[in-house]
Amino acid sequence: MAKGFDKDRERKGKVSYFGKDLTRRAKSSCELCEASNQKLGVYEVPPVEEEPVFEQCLFICENCRKILGSIEDADENELRFLNSAVWSEVPIVKALAVHILKKIKDRYIWASELLETVYIDEEVEELLNKITL
Ligand SMILES: [Zn+2]
């Protein structure tokens, strides 16, 4: 039990360490919806590996975190951020945006149209195939 706790604490330490580099990458705005002046936190795109992986982490606002927790219940307007997120130069941001678009493409025409215009390179494809959200 104690061992598990230490491991958990050690892991949390590593993830929060990522926060510094993520802050720089995100330029203090949510990497999904681009909101600034929001409290941002590290979000690990599932599957969450035993050893945290920087390339699978996002820096996002509380609202986006909530949306990611229940994409099925999200309002159409709450998902509009995908319009720009899908063009992100950060591979995991792009991969996650494509992943969500695939989930909602049968619900919204704009989502399926957007998917058709997006070019997915190898790096993004690899991340995309991993996501289990
Ligand atoms: Zn956000």
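All of these numbers come straight from a predicted model, not from anything done at the bench.

A.B. asks: Outline the pattern of salt bridges, listing residues and values.
C.D. replies: For the structure shown, the criterion picks out eleven salt bridges. In this structure, Arg24 and Asp21 form a salt bridge, with 3.3 Å as the shortest nitrogen-oxygen distance. Of the two residues, Arg24 and Asp21 both sit in helix H1 (residues 2–26), three residues apart, roughly one turn of that helix. By relative accessible area, which is 34% here, Asp21 ends up partly exposed. Here Glu72 and Arg107 are joined by a salt bridge, their closest N and O atoms 3.9 Å apart. Of this pair, Glu72 sits in the loop between helix H2 (62–69) and helix H3 (82–85) while Arg107 sits in the loop between helix H4 (91–104) and helix H5 (109–117), and the two are 35 residues apart along the sequence. Through salt bridges that share partners, Glu10, Lys14 and Glu51 make up one connected network.

A.B. asks: Describe H2, with residues and values.
C.D. replies: Of all the residues in H2, the buried ones are Cys64, Ile67 and Leu68. Angular distribution of buried residues about the axis of H2 spans 100 degrees; they occupy a single face of the element. Exposed residues lying more than 90 degrees from the buried face of H2 are Lys66 and Gly69. Those residues of H2 hidden inside the fold are in contact with strand S1 (40–44), strand S2 (57–61) and H4.

A.B. asks: Kindly report on unusual backbone geometry, identifying the contributing residues and their values.
C.D. replies: Between Pro46 and the following residue, Pro47, the backbone shows a cis peptide bond with an omega angle of 10 degrees. Here Pro47 is to be found in the loop between S1 and S2. One non-glycine residue, Ser28, lies in the positive phi region at around 65 degrees.

The rules we used
Residues numbered from 1 in each chain as written. Predicted model: local features only at pLDDT ≥ 70, side-chain atom pairs only at ≥ 80, totals over all residues. Heavy atoms only, no water. Salt bridge = Lys/Arg side-chain N within 4 Å of Asp/Glu carboxyl O. Helix = DSSP H or I, 4+ residues; strand = E, 2+ residues; numbered from the N terminus. Buried < 20%, exposed > 50% of the residue type's maximum accessible area, 1.4 Å probe, protein only. Arc of directions from axis to C-beta. Contact = heavy atoms within 4.5 Å.

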